[in-house]
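# Secondary and tertiary structure notes
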Amino acid sequence: MKKSKIAVIGLGYVGLPLARLFATKYSVVGFDINKKRVSELKTGIDSTLEVSDAILQAVLVSESSAKNGLFCSTTLADLKDCNYYIITVPTPVDKNKSPVLTPLIKASETVGAVLKKGDIVIYESTVYPGATEEECIPVLESVSGLVFNQDFFAGYSPERINPGDKEHTVEKILKVTSGSTPVIGKKVDALYRSVITAGTHLAPTIKVAEAAKVIENSQRDINIAFVNELAKIFNLMDINTHDVLEAAGSKWNFLPFKPGLVGGHCIGVDPYYLAQKAQEYGYHPEIILAGRRLNDSMGQYVASEVIKLMISEDIRIKNAKVLVLGITFKENCPDVRNTKAVDVITALKEYGTNVTIFDPWANEEEVLHEYNLKSISTLPNGTFDAIVLTVSHKEFLKIDFSEIKNKKAVVYDVKNILPLNVKNKTL
């Protein structure tokens, strides 16, 4: 174990915290094709805010060697001395909600080019059951010329990173592990167990580990879809959904899910991977896809509720000034991937309103690049006809809403974090 040298392919929200953790006990090469990202990390700064500057700088080294530490690189040759390769690239869906494995295939090609006899390749990216062995391993074999489970081996250990969560960091979350043979499974498990203080769970096969990951987020998606549907029903009945959930939550086994916008790279994406594979086997997953449809409709629903609220207060809709608070996919986190706040904004614009987006956490350039939307990081001057809180950033609790509201303005609180005397309605 002491001679292990680890390469982490992909230094994003998943890869960097993992590489940093392994670097406390191993020699680690962090590899990413994004030169800007690698240059930033080499200066000891992580723009995703997942790893603090001090913690990152404590493990950074200026060159790759056998000593413990993290060396960040965009150069393929720097990976040649590694014997463990951990792939942590994104696995998104396209506009038709079909899985996109291109980043995974490209990363496999990269590793295949430096793969040697005895090496172990571990995948962490969320996929459907079978993807590692059916899609990735053939790429490794083709590029390397080596034979799977004879010359090289594989493992799968699904990521459980929760962006923005400073309490449940990578080492404090129990890790599922697996290997392409029983012996390799134990090796992969031992590697992770050496740094994961929460412990590990060795799954019997790679497929089992893949399936476990994809149902974790599918389960949450379905449960949130259920309470989102409840919110729609109780709204028609003029019943406060959060009051209902609080009352029902007094029962010991009631599950504490809340209504909201379901975005991000996990809950809003992973169920489509399982659904796609199920359909290949001739089964149409009704509950999974029904949950996805309902959750994907919530942005439009929130916008329509805001518009109805404005009409009830005799506020002119066309050219009305609307302030949207938050565009990241979750609170206190700069990640804007697959954010459903965009759906609210798009729908509000379709009604003819003028939308201003304020988010102190979001990168303005990234928002413009990803969604062609302008966001600002400081509270704008002036007053608004409607204010919609879509993300519960801590900064929003400090806002004096009386200073930014027009006389007849309305406040819609999607996240139910504002005081009763501030908001007009919540989801």
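Here, every reference points to the structure presented above.
Below, the structure is looked at part by part.

Parameters at a glance
- Residues numbered from 1 in each chain as written.
- Predicted model: local features only at pLDDT ≥ 70, side-chain atom pairs only at ≥ 80, totals over all residues.
- Heavy atoms only, no water.
- Helix = DSSP H or I, 4+ residues; strand = E, 2+ residues; numbered from the N terminus.
- Rg over C-alpha atoms; globule rule 2.2 N^0.38 Å.
- Buried < 20%, exposed > 50% of the residue type's maximum accessible area, 1.4 Å probe, protein only.
- Contact = heavy atoms within 4.5 Å.
- Areas by Shrake-Rupley, 256 points an atom, 1.4 Å probe, with all protein chains shown as cover.
- Lys, Arg positive; Asp, Glu negative; His and termini not counted.
- Charge placed at Lys NZ, Arg CZ, Asp CG, Glu CD.
- Pairing = 2+ DSSP bridges.
- Axes fitted to C-alpha atoms, helices over the stretch in contact; angles between N-to-C directions.
- Parallel < 35°, antiparallel > 145°, perpendicular 65-115°, else oblique.
- Left-handed = near helix turned anticlockwise from the far one by under 90°.
- Nonpolar A, V, L, I, M, F, W, Y, C, P; charged D, E, K, R; others polar.
- Core = buried A, V, L, I, M, F, W, Y, C linked by side-chain atoms within 4.5 Å.
- Right-handed = clockwise from strand over helix to strand, strands pointing away.
- Salt bridge = Lys/Arg side-chain N within 4 Å of Asp/Glu carboxyl O.

## Considering the overall build of the protein chain
Assigned secondary structure in the protein chain consists of 13 helices and 14 strands. Relative to the compact-globule value of 22 Å for 427 residues, the protein chain shows a C-alpha radius of gyration of 23 Å, a close match. In terms of overall dimensions, the protein chain has a C-alpha envelope of 75 × 50 × 40 Å along the principal axes. Expressed as a percentage of its 427 residues, the buried residues of the protein chain come to 54%. In the protein chain, of all internal contacts separated by at least 6 residues, the share reaching a separation of at least 24 is 71%. Accessible surface, the protein chain: about 19,700 Å² in total, of which carbon and sulfur atoms supply 54%. Within the protein chain, one finds 49 positive and 50 negative side-chain charges whose respective centroids are separated by 2 Å.

## Looking at the pairing of strand 2 (residues 27-31)
Extensive coverage of strand 2 is indicated by the burial of five of its five residues. Of the two faces of strand 2, the one holding Ser-27, Val-29 and Phe-31 and the one holding Val-28 and Gly-30 are both buried throughout. Bridge analysis of strand 1 (residues 5-9) against strand 2 gives five bridges, and the strand direction is parallel. The partner of Ile-9 across the bridge, within strand 2, is Phe-31.

## Describing helix 10 (residues 286-296)
Within the sequence span of helix 10, burial applies to Ile-288, Leu-289, Gly-291, Arg-292, Leu-294 and Asn-295. Contacts from the buried residues of helix 10 go to helix 7 (206-236), helix 9 (270-280) and helix 11 (298-312).

## Regarding the packing of helix 11 against helix 12 (residues 341-350)
Working note: a packed helix pair is described by the angle between its axes plus the distance between those axes. Relative orientation of the contacting elements helix 11 and helix 12 amounts to 45°, with a least axis distance of 8 Å. In terms of orientation, helix 11 and helix 12 fall into the oblique class. Of the two possible hands of crossing, helix 11 and helix 12 adopt the one that is right-handed. Listed contacts from helix 12 to Gly-299, Gln-300, Val-302, Ala-303, Val-306 and Ile-307 of helix 11 are Asp-343, Val-344, Ala-347, Leu-348 and Glu-350. Of the residues belonging to the contact of helix 11 with helix 12, the class tally is seven nonpolar, two polar and two charged.

## Considering the sheet that holds strand 4 (residues 84-87)
As summarised here, the arrangement of the six strands in space is 3-2-1-4-5-6, forming an open sheet in which the pairing is parallel. The strands lining the two open edges of the sheet, one partner per strand, are strand 3 (69-73) and strand 6 (153-156). Direction aside, neighbouring strands of the sheet carry axes that sit 20° apart on average.

## So, the nonpolar core
Core analysis: the largest hydrophobic core is formed by 42 residues, its most contacted members being Tyr-85 and Ile-87. When near neighbours in sequence (up to four residues on either side) are disregarded, Tyr-85 contacts Ala-7, Leu-79, Lys-80, Val-111, Val-114, Leu-115, Lys-116, Asp-119, Ile-120, Val-121 and Ile-122.

## Brief notes about the pairing of strand 10 (residues 354-358)
Pairing geometry for strand 9 (residues 321-325) and strand 10, over five bridges, is parallel. Considered in strand 10, the bridge of Val-322 is made with Val-355. In terms of handedness, the path from strand 9 via helix 12 over to strand 10 forms a crossover that is right-handed. Pairing of strand 10 with strand 11 (residues 375-376), which is carried by two bridges, proceeds in the parallel orientation.

## Things to note about the pattern of salt bridges
The tally for this structure, following the rule as stated, stands at 20 salt bridges. Arg-20 is paired through a salt bridge with Glu-171; the nearest N and O atoms lie 4.0 Å apart. Of the two residues, Arg-20 sits in helix 1 (residues 15-22) while Glu-171 sits in the loop between strand 6 and strand 7 (175-177), which places them 151 residues apart along the sequence. You'll find Arg-20 and Glu-171 in the same group, each marked buried. With a closest N to O distance of 3.0 Å, Lys-277 and Glu-134 form a salt bridge. Placement of the pair is Lys-277 in helix 9 and Glu-134 in helix 5 (residues 131-144), with a sequence separation of 143 residues. A relative accessible area of 9% places Lys-277 in the buried class. Note on Glu-134: relative accessible area 34%, which makes it partly exposed. Connected through shared salt-bridge partners, Lys-97, Asp-221, Arg-292, Asp-296, Lys-340 and Asp-343 make up one network.

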